[in-house]
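Take a look at the letters that make up each chain.
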Amino acid sequence: MDRPPLRRLPIPEDVTGEELDASVHQELRTLPKTLAEDVAKNLVMVARTLDEDPEEAYGYAKVALRLASRVPAVREAMGFAAYGAEKYAEALAEFRAARRMTGAQHLWPVMADCERGLGRPEKALAMAGEPEVQKLDKAGQVEMRLVAAGARQDMGQAEAAVVTLQSPELASGSVQPWSARLRYAYADALLAVGREQEARDWFAKAVEADQSGVTDASDRLAELDGVEFTDALDPEADDEA
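Treat the numbers as computed from the prediction; the structure is a model and nothing was measured.

Draft legend 1. Main features of helix H12 (residues 196–209). Over its 14 residues, H12 extends 20 Å from the first C-alpha to the last, a length consistent with the 20 Å expected when each residue adds 1.5 Å. Along H12, the residues classified as buried are Ala199, Trp202, Phe203, Ala204, Ala206 and Ala209. Here the buried face of H12 lies against helix H10 (168–171), helix H11 (179–192) and helix H13 (217–224).

Draft legend 2. Expanded view of the nonpolar core. Within the largest apolar cluster, 48 residues are counted, with the highest numbers of intra-cluster contacts made by Leu28, Val39, Leu43 and Val74. Among the elements of the structure, helix H1 (22–28), helix H2 (33–49), helix H3 (54–67), helix H4 (72–84), helix H5 (88–102), helix H6 (108–117), helix H7 (121–128) and helix H8 (138–154) are those that each provide at least two residues to this core. The element that contributes the greatest number of residues to this core is H3, accounting for 8 residues. Among all residues touching Leu28, those that are not within four sequence positions of it are Leu20, Ala36, Val39, Ala40 and Val71.

Draft legend 3. Local environment of unusual backbone geometry. The residue Glu86 is not glycine, and still its phi comes out positive at about 65°. Structurally, Glu86 can be placed in the loop between H4 and H5.

Draft legend 4. Highlighting H13. Turning to H13, its buried residues are Ala217, Arg220, Leu221 and Ala222. On the buried face of H13, the contacting elements are H11 and H12.

Draft legend 5. Local environment of the packing of H8 against helix H9 (residues 158–165). Here H8 crosses H9 at 170°, and the two axes come no closer than 7 Å. Accordingly, the angle class assigned to the pair H8 and H9 is roughly antiparallel. Here Arg145, Leu146, Ala148, Ala149, Arg152 and Gln153 of H8 come into contact with H9, specifically with Ala160, Ala161, Thr164 and Leu165. Across the contact of H8 with H9, the residue classes tally to 6 nonpolar, 2 polar and 2 charged.

Draft legend 6. Representation of the layout of surface pockets in the model. Taken as a whole, the largest pocket holds about 780 Å³ of empty space. Surrounding the largest pocket, 22 residues form its lining, Tyr83, Asp113, Glu143, Leu146 and Arg181 being those nearest its centre. Among the secondary structure elements, those contributing two or more residues to the lining of the largest pocket are H4, H6, H8 and H11. For the lining of the largest pocket, the element with the highest residue contribution is H8, accounting for 8 residues. Each residue belonging to the lining of the largest pocket can be placed in one class, and the counts come to 13 nonpolar, 4 polar and 5 charged. The computed volume of the second largest pocket comes to approximately 480 Å³. As for the second largest pocket, its lining consists of 20 residues, of which Val24, Ala73, Glu76, Ala77 and Phe80 are closest to the centre. For the lining of the second largest pocket, the secondary-structure elements that each account for two or more residues are H1, H2, H4 and H5.

Draft legend 7. Representation of the packing of aromatic side chains within the structure. One pass over the full model with this rule turns up 4 aromatic pairs. Judged by centre distance (5.1 Å) and plane angle (90°), the rings of Tyr186 and Trp202 are edge-to-face. Here Tyr186, found in helix H11, pairs with Trp202, found in helix H12; they are 16 residues apart in sequence, far enough to count as distant. Assigned by exposure class, Tyr186 and Trp202 land together as buried. Positioned over the ring face of Tyr58 is Lys87, at 4.9 Å from the centre of the ring.

Thresholds, definitions, all that
Residue numbers run consecutively from 1 along every chain, following the written order of its sequence. It should be noted that, the model being predicted, local features are given only for residues of pLDDT at least 70 and side-chain atom pairs only at 80 or more, the latter also being counted only at that level, while totals for whole chains, interfaces and linings use all residues. Side-chain measures here rest on the full set of heavy atoms in the structure, leaving out hydrogens and waters. Secondary structure counts use DSSP, requiring at least four H or I residues in a row for a helix and at least two E residues in a row for a strand, with both numbered from the N terminus. One less than the number of residues in a helix, times 1.5 Å, gives the span that helix is expected to have. Burial classes follow relative accessibility: with a 1.4 Å probe on protein chains only, a residue under 20% of its type's maximum area counts as buried, one over 50% as exposed, and anything between as partly exposed. Residues count as neighbours in contact if any of their non-hydrogen atoms are within 4.5 Å of one another. Residues belong to a common nonpolar core when they are buried Ala, Val, Leu, Ile, Met, Phe, Trp, Tyr or Cys residues joined through side-chain atoms within 4.5 Å. Axis definition: a line fitted to C-alpha atoms, over the contacting stretch in the case of helices. Angles run 0 to 180 degrees between N-to-C directions. In what follows, roughly perpendicular refers to angles from 65 to 115 degrees, roughly parallel to angles under 35, roughly antiparallel to angles over 145, and oblique to any angle outside these ranges. Three classes are used, and their members are as follows: Ala, Val, Leu, Ile, Met, Phe, Trp, Tyr, Cys and Pro are nonpolar, Asp, Glu, Lys and Arg are charged, and the others, Gly among them, are polar. Each cavity reported here is a set of points on a 1 Å grid over the protein atoms alone in which a 1.4 Å probe fits but cannot get out, each pocket an open set with protein on both sides within 12 Å along at least five of seven lines, and each lining residue one with an atom within 4 Å of a point. Grid points are joined across faces, edges and corners, and a volume is the space filled by probe spheres set on the points. Each pair of aromatic rings taken from Phe, Tyr and Trp, with Trp reduced to its six-membered ring, is defined by centres within 6.5 Å and is described as stacked if the planes are under 30 degrees apart, edge-to-face if over 60, and tilted in the remaining cases. Charge over a ring is defined by NZ of Lys or CZ of Arg lying within 6 Å of the ring centre and within 35 degrees of the ring normal.

In structure tokens form, the structure reads like this:
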């Protein structure tokens with residue numbers, strides 16, 4: 001049976017493909033030059049659109065996959081695009097494929113989170129106890145802890161989620177790339193068990209660590225403090241005032 005024609009998506013003129021990491025370019029060297037450039041541009045567009053429009057990123061990833069399914073970076077990009085679009089079964093399959101190709105462990109936490117997305121928190125929690133976790137770097141181990149805590153919450157084990165997040169990384173006063181999300185998750189877990197004042201303190205600590213705005217900790221903190229924001233451009237807000 002013939003495959004349907006490949007539906008290409010527009011690539012802006014400023015995208016050259018050179019924006020990719022050197023490691024990805026190394027993998028693409030196995031392809032003919034023109035094909036490698038085409039795949040590279042689509043991978044750049046996956047990264048560019050993933051946060052704002054996961055479905056569009058998914059479309060670019062599908063193009064890259066049709067062109068170069070044997071390239072690990074392509075399978076990984078397809079996995080993240082599917083994950084962003086909440087297509088968890090597809091994402092898990094792509095992450096497994098990428099992991100088989102490279103033997104790398106860094107995808108283990110997001111694979112576990114896919115299990116959560118598929119309604120299998122018990123499986124995600126089991127993965128948190130596997131030997132693969134010890135092979136992760138510090139950022140990966142923190143990510144795995146976040147996934148495990150989320151799985152506990154999925155299973156209705158709110159107190160256990162709080163305990164799961166308690167760690168040297170949480171207690172550390174230094175700010176690391178994962179600090180804001182870890183502190184935010186801990187504050188959220190505390191709030192879920194009724195420890196509101198502690199939750200407020202940890203949302204404040206998350207705000208301190210969140211220099212790039214990856215969480216809505218400031219909004220959550222304001223909510224706990226009873227602060228309400230109004231849209232300055234909303235005429236109804238003026239009337240209410």
